[in-house]
Amino acid sequence: MSRRFTGQRALVTGASRGIGAGVAERLAAEGADVLITARTLEQHDSLSGTLRETAERLSRYGTRVEVLVADLSDPEDVAGIVPAAVERLGGPVDVLVNNAAAAIYQPLADYPLRRRLLSFQVNVHAPLELMQGVIPGMREAGRGWIVNVSSASARLSAGPPFSVHPPGSAMGVYAGSKAALNRITNLMAVELYGSGIRVNTVEPRSAVLSEGAAALVGELIRPEEVEALEEMAEAVTALCDCPEDVTGQIGVSLDLIREWNLTVRGLDAQPWKREEILR
């Protein structure tokens, strides 16, 4: 098993379940010390997965695992995340994965301001602030990797006529926030080019049927629209270890795996074989 992240410190948001938990495990399995953060320390009201459970899975790899409860909709919580990671992991963050997101689906015609503000705080402002927080340490080290998890919903809908099926027709604010995140990522890479800091986004080619996605739109997703969590984690992890000239990119998970000829491995970094996802 590769230990390519040995000696590196990683910060992963939204790590109580889903993509964030999967990426955090993969990084730990390959040697990284990891601080995981999310809102859910113990059992969620309706979703499975907690920070404690993620930490327990990561503990078997023998690296340092730190847990921080934080709400990205609260600017004060966001401001404390990077300092906590630096203190608890014993040094500057080498790898930042901005995975946490707020997905509130509702038609734009009656989408309330309160929900718009919350969505952009979690999906745009918090990731940007976390990027700003880790950049000084990365600059000093002369290297760093920032990966922002985006969404295919950020792309423009072709038309007219339009053929957007649910839930896409109610994803306007979420999609707009992810489009903003893509552009900010790209321009952050432009600003930092030559510093050794790589800044990229990656989105699933298909839906990753995480606990949150299953609860939100699971009944609307067709089997052919689903990719495995392991595939998305492979793509994210690859960007956590990419060359310096790979920056400012908006990557797509399955495309990146194919183009880079990556072998998809399990979250434990062991050989993995794709199985049927939807029964």
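Scroll up for the structure.
First, a word on what this report is: a plain description of the structure on this page. The written sequence of each chain sets the order in which its residues are numbered from 1. Per-residue local features of the predicted model are confined to residues with pLDDT of at least 70, and side-chain atom pairs are confined, for both listing and counting, to 80 or more; whole-chain, interface and lining totals are unaffected and use all residues. The side-chain numbers reported here are obtained from all heavy atoms of the structure, hydrogens and water having been left aside.

In this section: the side chain of E30. Strands here mean DSSP runs of E at least two residues long; helices mean DSSP runs of H or I at least four residues long; both are numbered from the N terminus. Mapped onto the secondary structure, E30 falls in the loop between α1 (18-29) and β2 (33-38). Pairing of N or O atoms within 3.5 Å defines a polar contact, subject to two protein rules: one partner must be a possible hydrogen donor and the other a possible acceptor, and residues neighboring in sequence count only if both atoms are side-chain atoms. Here R26 takes part through its side chain, which lies 2.8 Å from a polar atom of the side chain of E30. Note on contacts: a residue pair is in contact if any heavy atoms of the two residues lie within 4.5 Å. Ignoring sequence-local partners within four residues, the contact set of E30 consists of S2, R3, R4, F5, T6, T237 and A269.

It is worth spelling out the environment of R64 at this point. Its place among the elements puts R64 in the loop between α2 (51-59) and β3 (65-69). Each residue's exposure class comes from its accessible area (1.4 Å probe, protein chains only) as a fraction of the maximum for that residue type: buried when under 20%, exposed when over 50%, partly exposed otherwise. On the accessibility criterion, R64 (39% relative accessible area) is partly exposed. Apart from residues lying up to four places away in sequence, R64 is in contact with A32, D33, V34, R88, L89 and G90. Of the polar contacts made by the side chain of R64, one reaches the backbone oxygen of R88; its length is 2.6 Å.

Here the focus is the sheet that holds strand β5 (residues 144-149). Hydrogen bonds between backbone atoms are what pair the strands of a sheet, whose relative direction is either parallel or antiparallel. Read across the sheet, 7 strands follow the order β3-β2-β1-β4-β5-β6-β9 without closing on themselves; strand pairing throughout is parallel. The sheet terminates laterally at β3 and β9 (250-252), the two strands that pair on one side only. Between one strand axis and the next, the sheet turns through 20° on average, direction left out of account. For two strands to be treated as a pair, DSSP must find at least two bridges joining them. Pairing of strand β1 (residues 9-13) with β2, which is carried by 5 bridges, proceeds in the parallel orientation. Its bridge partner lying in β2, A10 is registered against V34. Fitted lines through C-alpha atoms give the axes, limited to the stretch in contact for helices. The angle between two N-to-C directions lies from 0 to 180 degrees. Where α1 meets the sheet, its contacts fall on β1, β2 and β4 (95-98), and the angle it forms with β1 comes to roughly 170°.

We call a pair of cysteine sulfur atoms a disulfide whenever their separation is within 2.5 Å. The final tally for this structure, using the stated rule, is 0 disulfides. With no disulfide of its own, C240 has C242 as its nearest cysteine by sulfur position, at a separation of 8.2 Å. Assessed through its relative accessible area of 0%, C240 is described here as buried.

Our focus in this paragraph is the pairing of β2. Where burial is concerned, most of β2 is hidden: 5 out of the 6 residues are buried. Convention used here: a crossover is right-handed provided that the path from the first strand, over the helix, to the second strand proceeds clockwise when the strands point away from the viewer. With α1 bridging β1 and the parallel β2, this β-α-β connection has right-handed handedness. As defined by bridge partners, β2 adjoins β3 across 5 bridges and the pair is classed as parallel. Bridge pairing in β3 links T37 to L68.

Spatial relationships are all this shows, so hold off on functional conclusions.
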